[in-house]
Amino acid sequence: MNRHSKNRRQFIGLTAAGVSAAWLGTSNSARAATNSNLSSQHVSVPSTTEPLNSTTTHRSSGTAPWFEISLAQWSLHRELGSKKLDNLDFAKITRTKFDIGAIEYVNSFFKDKAQDDAYLAGLNKRAEDHGVKQLLIMCDGEGALGDADAKKR
């Protein structure tokens, strides 16, 4: 282990210990006041029985959700790999089955179509038709970004 790794580990350990000690040293009434302040901030917590519309608001209260989520294609890799789900239908399934408004692609599922403008336009159109944002493409098998050889990189 080099000197810097040891120093980082020591720093992290000491920081965690300090935070824990500070929290434990805080009186119960101070902790209760902190918790009370957090619970009085009118934050909408989605119901577990009601789907969340990730592009707008929580359905029942009309307030904005805490956060929005996206669905990564890898979550459905078995269906995509077995051809039970077509890559072009990913945005539709994301919206209609899961009511999620954003997606993350994986290049493995359409690597052979990477230069096919008509296919890519179809992906864009289907996502737009279903009100789904396309956030990113996770790339596998494209080489090492940190390779010292510029041609390999």
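Here's a quick rundown of the structure. No experiment lies behind these values; they were computed from the predicted model shown.

Once that is clear, we can look at the overall build of the protein. Across its full length, the protein holds five helices and three strands. Here the protein, with 153 residues, has 22% of them falling under the buried criterion. Total accessible area computed for the protein in this model is approximately 11,100 Å², and 56% of it derives from carbon and sulfur atoms.

Attention now goes to the side chain of Thr94. Among the secondary structure elements, Thr94 is positioned in helix α4 (residues 90-98). According to the relative accessible area criterion, Thr94 is buried, its value standing at 0%. The residues contacting Thr94, other than those within four sequence positions of it, are Leu71, Asp99, Ile100, Ala102 and Ile103.

Looking at the element boundaries, Asn107 is found in the loop between β2 (102-106) and α5 (117-129). Not counting residues within four places of it along the chain, the set of residues in contact with Asn107 comprises Ile137, Met138, Cys139, Asp140 and Glu142.

Under the definition given, this model contains four aromatic pairs. Between the aromatic rings of Phe110 and Tyr119, the centroid separation amounts to 6.4 Å while the plane-to-plane angle is 35°, which identifies the pairing as tilted. A network of ring pairs unites the aromatic residues Phe90, Tyr105, Phe110 and Tyr119 as a single cluster.

Turning our attention to α4. Looking at α4, one finds that the buried residues are Phe90, Ala91, Thr94 and Arg95. Here the buried residues of α4 occupy an arc of 130° about the axis, which is enough to place them on one side. The exposed set on the far side of α4, more than 90 degrees from its buried face, consists of Thr96 and Lys97. Once α4 ends, the next one or two residues include Asp99, with phi positive near 50°.

Let us now look at unusual backbone geometry. At Lys83, a position not held by glycine, the phi torsion is positive, near 70°. Structurally, the position occupied by Lys83 is in the loop between α3 (77-81) and α4. Although it is not a glycine, Asp99 adopts a positive phi angle of roughly 50°. Considering the arrangement of structural elements, one finds Asp99 in the loop between α4 and β2. Residue Asp99 is classed as buried on the basis of its relative accessible area of 12%.

We now examine the environment of Leu135. Considering the arrangement of structural elements, one finds Leu135 in strand β3 (residues 133-138). For the pair Leu135 and Leu71, spaced 64 residues apart in sequence, the C-alpha to C-alpha distance is 9.7 Å. Not counting the four nearest positions on each side in its chain, Leu135 is found in contact with Ser70, Ala102 and Ile103.

About the thresholds
Residues numbered from 1 in each chain as written. Predicted model: local features only at pLDDT ≥ 70, side-chain atom pairs only at ≥ 80, totals over all residues. Heavy atoms only, no water. Helix = DSSP H or I, 4+ residues; strand = E, 2+ residues; numbered from the N terminus. Buried < 20%, exposed > 50% of the residue type's maximum accessible area, 1.4 Å probe, protein only. Areas by Shrake-Rupley, 256 points an atom, 1.4 Å probe, with all protein chains shown as cover. Contact = heavy atoms within 4.5 Å. Phe/Tyr/Trp six-rings, centres within 6.5 Å; stacked < 30°, edge-to-face > 60°. Arc of directions from axis to C-beta.

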